[in-house]
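Tertiary structure, described
The residues making up each chain are set out below.
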Amino acid sequence: MATATSLSAPASTAHTGSFANPKALSLACLAHFVNDAYSSFIFPLLPLMTAQLHLSAAQAFWLIPVYALFSNFLQPVYGMLSDRWSRRSFALAGPLLAALFLSAIGYAGSYGWLMVVLIMGGMGVGMFHPQGAAMAAVASGQRRRLGMALFSAAGTLGVAFGPLVVTQTITHFSLGSTLYLALAGIAAMVGLFFWLPPLPAPKRLAAETTTEAGPGLVQALQLASVPLLALYAITVVRAATQMLINAYYPFILQAQGASLTDIGNALTIFLLAGGIGGLAGGFLAERFGGRAVTVLSGLTSGPLLAAAFLVPPHWTLPWLVCGGFALGATIPVNVAMAQELVPQRTATVSALMMGFAWGVGSLAPRAFEPLTPFIGGYHGAIIGLALGTTLSTILVLWLPREARRPLRRLSWRMPHRFSPARTDSSLAP
């Protein structure tokens, strides 16, 4: 039963003048940060684990697709389950599972055990995202794009924090000390268990679906199929670009003589720029629309990221920061746009955009690895896919045009205004 602190509290009763439920949004963002911090442990450790377990390049780059299968590809399944039952257990059990298993990465003494750690930890990472995104969407009220930008930025900041903390832990202690990093996730989930408000109960959701949702899941997706496919393709290409950098850049740095700490720091800086870019993209989308932000991001991120691997090595990271900022600007915006196209199925659509799309993108490192000798090595692969990100901008022609919003000043007493012409007015998860 929804309580006074439930996520379903109407935006009009909120006294923040901004979000329907700021507390719930903050807690969802915290859970996203913790969950995704564990999700990026593997990337800076790829060169180390390759040497430690005597893996081939093919074996090393198979780790990411296997991990993506359970953390990303299965998210639509988790999304359909959370759309059906809407239980916050998905948002709590997922990060806990991720913390327990991905923190054990230092104890993986064989290729098989490393696979088990990534499969179980990836399952935990994936369980959280659809439910967490739905919670953030409802808690955001009328400011869904900004709320999703905050939610996405929290996750990206967690992804950025992960390489830093795991490499510092191993450098100052030992490879086996990663297990102690699970304590932070356990503590955070205990706190969220007591403070995270529930989503509406399953019966209430069923009633709302009958009276308000209209078409079923398949029909709803069919009605928005063209713009949804365009958004999906854009997300896949940009996800593939980021995953390629996450996987290949550590090996590039290792070849240049960088230490494990240097690799972790560089990845953290790159991913942090993407998180800040996502937050900026949310604010810009409120003013100029998601379509405009998608175009701007595509036209700038590709050339900047390609330039990062054409300049001398000491200039690579500054260019990566600029390119990562531009690339990250569109990610939460595109998720919010997809939610607005299918407003009654936000968890399922979020899973398609955040999970399945990123799962397909995660195949890029393994797919490009056999081609690297013929396209200029890891540098050539990243440059080619970065330019593909720019070419994918043409797909915005299939996205609906949006009316520009008047610039809104933040005020804690400003009342919400609802426009019947807007398509994103639904607060249903």
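Not measured: the values here are computed from a predicted model.

Let's shift gears to the overall build of the protein chain. On a plain count of helices and strands, the protein chain comes out with 18 helices and zero strands. Sorting the 429 residues of the protein chain into buried and exposed places 57% on the buried side. Here the analysis covers contacts within the protein chain between residues at least 6 apart in sequence; of these, 85% occur between residues at least 24 apart.

Our next topic: unusual backbone geometry. Positive phi values are uncommon outside glycine, yet H54 reaches one of about 55°. Here H54 shows up in the loop between helix 2 (42–52) and helix 3 (57–73). Given a relative accessible area of 71%, H54 falls into the exposed group.

Right, let's talk about helix 5 (residues 89–102) for a bit. Helix length check: helix 5 (14 residues) gives 19 Å between terminal C-alpha atoms against 20 Å at 1.5 Å per residue, within 8%. Looking at helix 5, one finds that the buried residues are F90, A91, L92, G94, P95, L97, A98, A99 and L102.

With that out of the way, let us pick up the nonpolar core. Formed by 104 residues in total, the largest nonpolar core has its most connected members in L114, M148, F151, Y249, F309 and L320. At 17 residues, the largest contribution of residues to this core is made by helix 11 (residues 225–255).

The next point concerns the packing of helix 13 (residues 290–308) against helix 18 (residues 377–391). How two helices sit against one another is set out by the angle between their axes and by the gap between those axes. Axis separation between helix 13 and helix 18 bottoms out at 7 Å; the angle between their running directions is 170°. Relative to helix 18, the element helix 13 is oriented roughly antiparallel. Regarding helix 13 and helix 18, the two cross each other, and that crossing is left-handed. Together, G298, L299, S301, G302, P303, L305 and A306 of helix 13 and I383, A386, L387, T389 and T390 of helix 18 make up the contact between the two elements.

As a further point, take the packing of aromatic side chains. Throughout the structure, instances matching the rule amount to ten aromatic pairs. Within the aromatic cluster, the residues linked to one another by ring pairs are F61, Y248, F251 and Y378. Above the face of the F288 ring, R287 is positioned so that its terminal group lies 5.3 Å from the ring centre.

Enumeration over the complete set of coordinates arrives at two salt bridges. With a shortest N-O distance of 2.3 Å, E286 and R143 are connected by a salt bridge. Residue E286 is found in helix 12 (residues 260–288), and its partner R143 is found in the loop between helix 6 (111–140) and helix 7 (144–172); the two are separated by 143 residues along the sequence. R143 carries the same exposure label as E286, and that label is buried.

Time to look at a nonpolar patch on the surface. Where nonpolar side chains cluster on the molecular surface, the patch consists of L96, L100, Y180, L183, I186, V190, F193, F194 and W195 and spans about 990 Å² of accessible area. Broken down by secondary-structure element, the contributors of at least two residues to the nonpolar patch are helix 5 and helix 8 (182–195). Per-element tally for the nonpolar patch: the top contributor is helix 8, with six residues. Relative to the elements of secondary structure, F193 occurs in helix 8. The partly exposed category is assigned to F193, whose relative accessible area is 47%.

A few words now on the side chain of D36. By the element assignment, D36 lies in helix 1 (residues 22–39). For D36, which is buried and forms no salt bridge, the nearest opposite charge comes from R238, at a distance of 18 Å. A polar contact of 2.9 Å, which involves the side chain of D36, links it to the side chain of N35. Leaving out residues up to four positions away in the same chain, D36 has contacts with V125, H129, G155, G158 and V159.

The next point concerns the confidence of the model for the protein chain. Mean pLDDT over the protein chain: 81, with 81% of residues reaching 70 or higher. Confidence drops under pLDDT 50 across residues 1–16; counting only partners more than four residues distant or on other chains, this segment forms 34 contacts. Contacts from residues 201–213, a stretch scored under 50 in pLDDT, to residues over four places away or in other chains number 15 contacts.

Cut-offs used in this document
Residues numbered from 1 in each chain as written. Predicted model: local features only at pLDDT ≥ 70, side-chain atom pairs only at ≥ 80, totals over all residues. Heavy atoms only, no water. Helix = DSSP H or I, 4+ residues; strand = E, 2+ residues; numbered from the N terminus. Buried < 20%, exposed > 50% of the residue type's maximum accessible area, 1.4 Å probe, protein only. Contact = heavy atoms within 4.5 Å. Expected span 1.5 Å × (residues − 1). Core = buried A, V, L, I, M, F, W, Y, C linked by side-chain atoms within 4.5 Å. Axes fitted to C-alpha atoms, helices over the stretch in contact; angles between N-to-C directions. Parallel < 35°, antiparallel > 145°, perpendicular 65-115°, else oblique. Left-handed = near helix turned anticlockwise from the far one by under 90°. Phe/Tyr/Trp six-rings, centres within 6.5 Å; stacked < 30°, edge-to-face > 60°. Lys NZ or Arg CZ within 6 Å of the ring centre and 35° of its normal. Salt bridge = Lys/Arg side-chain N within 4 Å of Asp/Glu carboxyl O. Patch = residues over 30% accessible without salt bridge, like charges linked within 9 Å, V, L, I, M, F, W, Y side chains within 5 Å. Areas by Shrake-Rupley, 256 points an atom, 1.4 Å probe, with all protein chains shown as cover. Lys, Arg positive; Asp, Glu negative; His and termini not counted. Polar contact = N/O pair within 3.5 Å; in protein donor to acceptor, adjacent residues only side chain to side chain. pLDDT = per-residue confidence, 0-100.

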